[in-house]
Number of protein chains: 2
Amino acid sequence: MTYCLGMLLEAGLVMMADTRTNAGVDNFSSFRKLHELGDGRDRQIFAATAGSLSVSQTVLGLLEEDALEAEGEPGRTVGGAATMFRVAQLVGAAVQRANDSVGAALDKVHLDSDVELLVGGRIGNAPLKLFLVYSAGNFIKCTSEVPFLQIGETKYGRPILDRALGYDTPLDEAVKIGLLSFDSTMKSNLGVARPIDLVLVPRGRGEPVLSHRIGEDDPYFEEITQRWARLLREATQTIPNPPWLRRGPAPD
Amino acid sequence: MTYCLGMLLEAGLVMMADTRTNAGVDNFSSFRKLHELGDGRDRQIFAATAGSLSVSQTVLGLLEEDALEAEGEPGRTVGGAATMFRVAQLVGAAVQRANDSVGAALDKVHLDSDVELLVGGRIGNAPLKLFLVYSAGNFIKCTSEVPFLQIGETKYGRPILDRALGYDTPLDEAVKIGLLSFDSTMKSNLGVARPIDLVLVPRGRGEPVLSHRIGEDDPYFEEITQRWARLLREATQTIPNPPWLRRGPAPD
């Protein structure tokens, strides 16, 4: 399993992904799930992947192949597409092509071939966008009402996002909340683990894109993990016990 | 969906279950999922159910039917079984019988027939026990290393349990932590909702068993929901922002 999180905020875009892959509990490994698509000149486009690693790598491979073969037809490639909506369509179509080849072969031997992607970024001066591409190749976009999208092992880390993250959350704060969401997930699920990759694209065009990897011994992550555990325990203590639970002493 | 939580602690047993059932998002209803099994004289035995409501009701119905028909063979009934292990076996066998009848019919029309149960309590002077009976009728017991078992929509509410609950947590505190676990689940998932039923069986035989229902407007639950949201936001603020995120002012 994997956990990937995308946050599209007033201040910019944040995308985060862990690196754990596993085929059963006895075959763990570490693969990068956060990738840069496009050529980086007039566009910053990133994709995070969850699900079958062979299928998601095929999706990325097909997109790269298209870039090599689509000379004279730039609209057919992520590097040449005019809009982020078009990029999401291209990624969705690549998912469908991967399903038809690798996916069908996996289905035959009853292996899960589902794959999902977060695709985010911007082209030229157009606004930042974030999409979730489902395993059938269809997709939805992120809007300001719920300013985040998740794929993979999404449930453990969702409560903190539902409570603490808003469209107006500053980027630094959002990264911190995102890391707490990863921390909750990793605490409860072996299928998600560091290193965590993240990319941060500020809304202002002139601000640099920041890429960062949080390694297995990252001191900041260690600190927030320990602080968060302590703060949660303290917060629990602060809340009064149920008033209907006053019982007398035990007679035996 | 449903969320049920059982906690087997040094101080006693706590079982909690919500009451939400739904067949699709347009067919919500409220059904009790926490039931007393057995006759209450020499035993206190409770079951919480998650999954297909028709199958779980059939399981309970079969156990009641056995109680009526097993005259002279008390070992065949929850009310007559000599141990909690035997009770778990009987419940598991009832799940298998329900699978063979109702479950098979549901499978034919491609409806999910899975059901899981938490079965907890004690018989005579034997120690308190807690079991999770899976949809195939097999089961595991709760041990002090991880002193809780969950069924249904388990993931949203797990991080707080992993962090705050230990075998030595007092019962009052455990109920509070359990309610926070339900709060996290209900905040992020429409398939779990109040009323919440709970039963508390103290370790000491002389202390009374407490049953309680937390209604839709329960003032204590409202209070902890609001306090917890505020405490989580405050805790988030307390943690420093990532040091590698210091960026200069935006040039545009």
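Here the structure is shown first, and the text comes after it.
Criteria and cut-off values
- Residues numbered from 1 in each chain as written.
- Chains lettered and ligands numbered in written order.
- Predicted model: local features only at pLDDT ≥ 70, side-chain atom pairs only at ≥ 80, totals over all residues.
- Heavy atoms only, no water.
- Contact = heavy atoms within 4.5 Å.
- Buried area = accessible area lost by both parts, 1.4 Å probe.
- Salt bridge = Lys/Arg side-chain N within 4 Å of Asp/Glu carboxyl O.
- Polar contact = N/O pair within 3.5 Å; in protein donor to acceptor, adjacent residues only side chain to side chain.
- Helix = DSSP H or I, 4+ residues; strand = E, 2+ residues; numbered from the N terminus.
- Expected span 1.5 Å × (residues − 1).
- Buried < 20%, exposed > 50% of the residue type's maximum accessible area, 1.4 Å probe, protein only.
- Least-squares fit on C-alpha atoms with pLDDT ≥ 70 in both.
- Phe/Tyr/Trp six-rings, centres within 6.5 Å; stacked < 30°, edge-to-face > 60°.
- 1 Å grid on protein atoms, 1.4 Å probe; cavity = no way out; pocket = protein on both sides within 12 Å on 5 of 7 lines; lining within 4 Å.
- Points joined across faces, edges and corners; volume = space filled by probe spheres on them.
- Nonpolar A, V, L, I, M, F, W, Y, C, P; charged D, E, K, R; others polar.
- Axes fitted to C-alpha atoms, helices over the stretch in contact; angles between N-to-C directions.
- Parallel < 35°, antiparallel > 145°, perpendicular 65-115°, else oblique.

Asks: Go over the interface of chain B and chain A with me, naming the residues and quoting the values.
Replies: Contacts between the two partners involve 57 residues from chain B, matched on the other side by 57 residues from chain A. Of the roughly 5400 Å² buried where chain B meets chain A, counting both sides, 64% is carbon and sulfur surface. The interface formed by chain B and chain A includes four salt bridges. Measuring nitrogen to oxygen at the nearest pair gives 2.6 Å for the salt bridge that ties A:Glu153 to B:Lys155. Applying the counting rule to chain B against chain A returns 16 residue pairs in polar contact (both at pLDDT 80 or more).

Asks: Please give an account of helix H4 (residues 171-188) of chain B that cites residues and values.
Replies: In this model H4(B) runs 26 Å from its N-terminal to its C-terminal C-alpha over 18 residues, within 8% of the 26 Å that 1.5 Å per residue would give. Counting buried positions along H4(B) yields 16 of 18 residues, so the element is predominantly enclosed.

Asks: Please give an account of the relation of the copies chain B and chain A that cites residues and values.
Replies: Take chain B, turn it by 180°, move it 0.0 Å along the axis, and it overlays chain A with an RMSD of 0.0 Å. Such a combination of turn and shift is consistent with a two-fold rotation axis. Scanning chain B for the C-alpha nearest the rotation axis identifies B:Tyr156, at a separation of 2.4 Å. An overlap of 100% is found between the interface residues of chain B and their copies at the interface of chain A, pointing to a shared contact surface.

Asks: Pulling in residues and values, what's your account of the environment of A:His212?
Replies: Inspection of the secondary structure puts A:His212 in strand S12 (residues 210-214). As for A:His212 and A:Ser54, which are separated by 158 residues in sequence, their C-alpha atoms are 25 Å apart. A polar contact of 3.3 Å, which involves the side chain of A:His212, links it to the side chain of B:Trp244.

Asks: Break down the packing of aromatic side chains for me, with residues and values.
Replies: Each aromatic ring pair is characterised by the separation of its centres together with the angle its planes make. Counted according to the given criterion, the structure contains eight aromatic pairs over all chains. Aromatic pair A:Trp244 and B:Tyr220: ring centres 6.2 Å apart, planes at 90°, arrangement edge-to-face. Of this pair, A:Trp244 sits in the segment after helix H5 (219-238) while B:Tyr220 sits in helix H5 (residues 219-238), each in a different chain. Comparing A:Trp244 with B:Tyr220 shows no difference in burial state: the two are buried. Measuring from ring centre to ring centre gives 5.6 Å for B:Phe131 and B:Phe139, while their planes differ by 90°; the resulting arrangement is edge-to-face. The exposure class of B:Phe131 is buried, given its relative accessible area of 4%. These aromatic residues form a ring-pair network of at least three members: A:Phe85, A:Phe131 and A:Phe139.

Asks: Explain empty space enclosed by the protein residue by residue, including any values.
Replies: This model, assessed by the stated rule, comprises one cavity of 30 Å³ or more. Size it by volume and the largest cavity reaches roughly 150 Å³. A:Pro159, A:Ser184, B:Pro159, B:Ser184 and B:Leu232 are the residues nearest the centre of the largest cavity, which is lined by 13 residues in total. Secondary structure elements with two or more residues in the lining of the largest cavity: helix H3 (158-164) and H5 of chain A together with helix H3 (158-164) and H5 of chain B. Looking at which element gives the most residues to the lining of the largest cavity, the answer is H3(A), with three residues. Grouping the amino acids of the lining of the largest cavity by side-chain chemistry returns ten nonpolar, two polar and one charged.

Asks: An account of the packing of H4(B) against H5(B) is requested, with residue identities and associated values reported.
Replies: Residue and element names in this part refer to chain B. Contact pair H4 / H5: the axes reach a minimum separation of 10 Å and the direction vectors enclose 70°. By the angle between their axes, H4 is roughly perpendicular relative to H5. Contacts from Lys-176, Leu-179, Leu-180, Asp-183, Ser-184 and Met-186 in H4 reach Tyr-220, Phe-221, Ile-224, Thr-225 and Trp-228 in H5. Its residues assigned to classes, the contact of H4 with H5 shows seven nonpolar, two polar and two charged.

Asks: How would you summarise unusual backbone geometry if you had to cite specific residues and measurements?
Replies: Residue and element names in this part refer to chain A. A cis amide bond links Arg-194 to the next residue, Pro-195, at an omega of -5°. Residue placement: Pro-195 occurs in the loop between helix H4 (171-188) and strand S11 (196-202). For His-110, which is not glycine, the phi dihedral falls at a positive 60°. Its place among the elements puts His-110 in the loop between helix H2 (84-108) and strand S7 (115-123). Residue classification places His-110 among the exposed residues on the basis of a relative accessible area of 73%.

Everything listed is a geometric property; what it means functionally is a separate question.
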